[in-house]
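Descriptive analysis of the structure
Given next are the chains, with one letter for each unit.
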Amino acid sequence: MCTTCGCGDETNTRVSTLDGIQPIVEHQHPHDHAHPHDHDHPHDHAHPHDHTHPHDHDHHPATITLEQNLLAKNDLLAARNRGWLAGRGIRALNIMSSPGAGKTTLLVRTLTDLGGHLQAGVIEGDQETSLDADRIRAVGRPVIQINTGAGCHLDADMLQRGLDALDPQPGSTVFVENVGNLVCPALFDLGETAKVVVISVTEGDDKPRKYPHMFMAADLVIVNKSDLLPYVDFDVDECLRQIREINPHADFLVLSATTGDGLAAWYAWLDGSTSRSNSLTESLSDAH
Amino acid sequence: MHELSITQSLVDAVLERTGERAVTGVNLRIGPLSGVLPDAMRFCFDIVSAGTSLAGAQLRIDEPQGLGRCRSCGTEFELEDLILLCPCGSADVDILSGRELMVISVEVA
């Protein structure tokens, strides 16, 4: 266990519905998903697989070449998630921000405003509690809470388990609210369709420079809490300029999930970010 | 502190290949743009490798230079961080190297 921040192993990860107090036992669903049961169990250090020891008769010092990406396992699982989602026409949006930027508020507002026009479920990632999932559930949407325990980010394996539990409808949208953290989630591909990074005007316009990995990974950057702009020293143009230094291609929106200012552009982005989305209203489709 | 789970991936990947043979050295390549701090990897390695056949192995980390090429003017230049700004002022830059995050090889006894 890391003694700096306690982050790390997945032994404490819990995936739960809000229907009961029981955590979901992995794969208690029928096996109608294409998820093979090869989750990584990172703590079985003593791999007793004799057949994987081709040279165990050879005790001379030797160099074994691996040439392997350290994120290969996660990337492989992410690729599998991506295929699983694509095969069902499901769009998964990985929503990331620092804690308190307004991810959940934005999702609640979005799901409320779009109502039946957007078929969507939510996977909530937090270290502890189901407080965010409770807020999503209050607006009547399917939601799964993943508690990472000591972990500081969601990874592809957790998303796979979350998708198993959520069982989203083909053609629907899955919002994945990552653990509030601008550092670690940037490195872990989940297999999502797009990465959305939310910053709020109370955080300061220098966030892109401070956390370049996150902003480099983003497909869309949302500046939230625009209603507070008159009261804080946040330069929207400067923020956009910093983002452009790191990521020339990300989309950029300024909005307030509380007042609703700018939300039309977010809904238009949602409508335009997938070619197969027929689930939004016709009235929204001409805005993009 | 994503370095801990990445270090766990490292130890798992090595153990898959080496089994119970004692590992005396691990050679990594970690670029300055990878988002992973070599020092944090070293810190985590001691913790994660404890009790495995990697315990006590020497961790050698090659830290290659980051290189970018400007899509506007074609200049190649060193990248020390992810602020991708060409001397010509353009921010439209290809990263040629520096994002490496690899285990290259291991030495077994």
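Everything discussed here concerns the structure shown above.
The text that follows walks through the structure, step by step, so that each part is easy to find. (Residues numbered from 1 in each chain as written. Chains lettered and ligands numbered in written order. Predicted model: local features only at pLDDT ≥ 70, side-chain atom pairs only at ≥ 80, totals over all residues. Heavy atoms only, no water.)

Moving on: the overall build of chain B. For chain B, the count of helices and strands is two helices and six strands. Along chain B, helices (α) and strands (β) appear in the sequence α-β-α-β-β-β-β-β when read from the amino end. Split into buried and exposed, the 109 residues of chain B put 57% on the buried side. Sequence separation of 24 or more characterises 70% of the internal contacts of chain B that already satisfy a separation of 6 or more. Roughly 4400 Å² of accessible area belongs to chain B as shown, and the carbon and sulfur atoms make up 47% of that amount. (Helix = DSSP H or I, 4+ residues; strand = E, 2+ residues; numbered from the N terminus. Buried < 20%, exposed > 50% of the residue type's maximum accessible area, 1.4 Å probe, protein only. Contact = heavy atoms within 4.5 Å. Areas by Shrake-Rupley, 256 points an atom, 1.4 Å probe, with all protein chains shown as cover.)

Inspection of the entire model under this criterion finds 19 salt bridges over all chains. We note a salt bridge from A:Asp189 to A:Arg82, for which the minimum N-O separation is 2.9 Å. Of the two residues, A:Asp189 sits in the loop between β6 (173-177) and β7 (194-200) while A:Arg82 sits in helix α1 (residues 72-87), which places them 107 residues apart along the sequence. Classification of A:Asp189 as buried rests on a relative accessible area of 18%. For B:Glu76, the salt bridge goes to B:Arg69, with nearest N and O atoms at 3.2 Å. On the accessibility criterion, B:Glu76 (44% relative accessible area) is partly exposed. Through salt bridges with shared partners, a single network forms among A:Arg82, A:Asp189, A:Glu192 and A:Lys195. (Salt bridge = Lys/Arg side-chain N within 4 Å of Asp/Glu carboxyl O.)

Strand order across the open sheet formed by four strands is β2(A)-β6(B)-β1(B)-β2(B), with mixed pairing between neighbours. With partners counted over all chains shown, the strands left at the sheet margins are β2 (62-69) of chain A together with β2 (58-62) of chain B, one partner each. Mean inter-strand twist for the sheet, computed between neighbouring axes without regard to direction, equals 20 degrees. Summarising the sheet, strand β1 (residues 23-30) of chain B and β2(B) pair through five bridges and their orientation is parallel. Of the residues in β2(B), the one forming a bridge with B:Asn27 is B:Arg60. (Pairing = 2+ DSSP bridges. Axes fitted to C-alpha atoms, helices over the stretch in contact; angles between N-to-C directions.)

Residue and element names in this part refer to chain A. Read across the open sheet, the eight strands follow the order β1-β5-β4-β6-β3-β7-β8-β9; overall the sheet is mixed. Single-partner strands in this sheet number two, and they are β1 (14-16) and β9 (251-254). For this sheet, the mean angle separating the axes of adjacent strands, direction not counted, is 20 degrees. Pairing of β7 with strand β8 (residues 220-224), which is carried by five bridges, proceeds in the parallel orientation.

All right, on to the interface of chain B and chain A then. In this complex, chain B contributes 46 residues to the contact, which on the side of chain A involves 44 residues. Taking both partners together, chain B and chain A bury about 3900 Å²; carbon and sulfur atoms supply 63% of that area. Connecting chain B to chain A are one salt bridge. Residues B:Glu16 and A:Lys73 are paired through a salt bridge, measuring 3.1 Å at the closest nitrogen-oxygen approach. Applying the counting criterion to the chain B and chain A interface returns twelve residue pairs in polar contact (both at pLDDT 80 or more). Looking at the side of chain B that touches chain A, the elements with two or more residues in it are α1 (3-18), α2 (38-49) and β6 (101-108) of chain B. By residue number, the principal contributor to the side of chain B that touches chain A is α1(B), which donates 13 residues. Partitioned by chemical class, the residues of the side of chain B that touches chain A number 27 nonpolar, ten polar and nine charged. Here β2(A) runs beside β6(B); their pairing, made up of six bridges, is antiparallel. When the sheet's bridge partners are listed, A:Gln68 is paired in β6(B) with B:Val103. (Buried area = accessible area lost by both parts, 1.4 Å probe. Polar contact = N/O pair within 3.5 Å; in protein donor to acceptor, adjacent residues only side chain to side chain. Nonpolar A, V, L, I, M, F, W, Y, C, P; charged D, E, K, R; others polar.)

Below, the discussion takes up the packing of helix α2 (residues 103-114) of chain A against helix α3 (residues 131-138) of chain A. All names here are of chain A. With their axes 9 Å apart at the nearest point, α2 and α3 run at an angle of 15 degrees to one another. Classified by the angle their axes make, α2 and α3 are roughly parallel. Taken as a pair, α2 and α3 cross one another with a handedness that is right-handed. Seen from α2, the contacting residues are Thr104, Thr105, Leu107, Val108 and Leu111; seen from α3, they are Asp132, Arg135 and Ile136. (Parallel < 35°, antiparallel > 145°, perpendicular 65-115°, else oblique. Left-handed = near helix turned anticlockwise from the far one by under 90°.)

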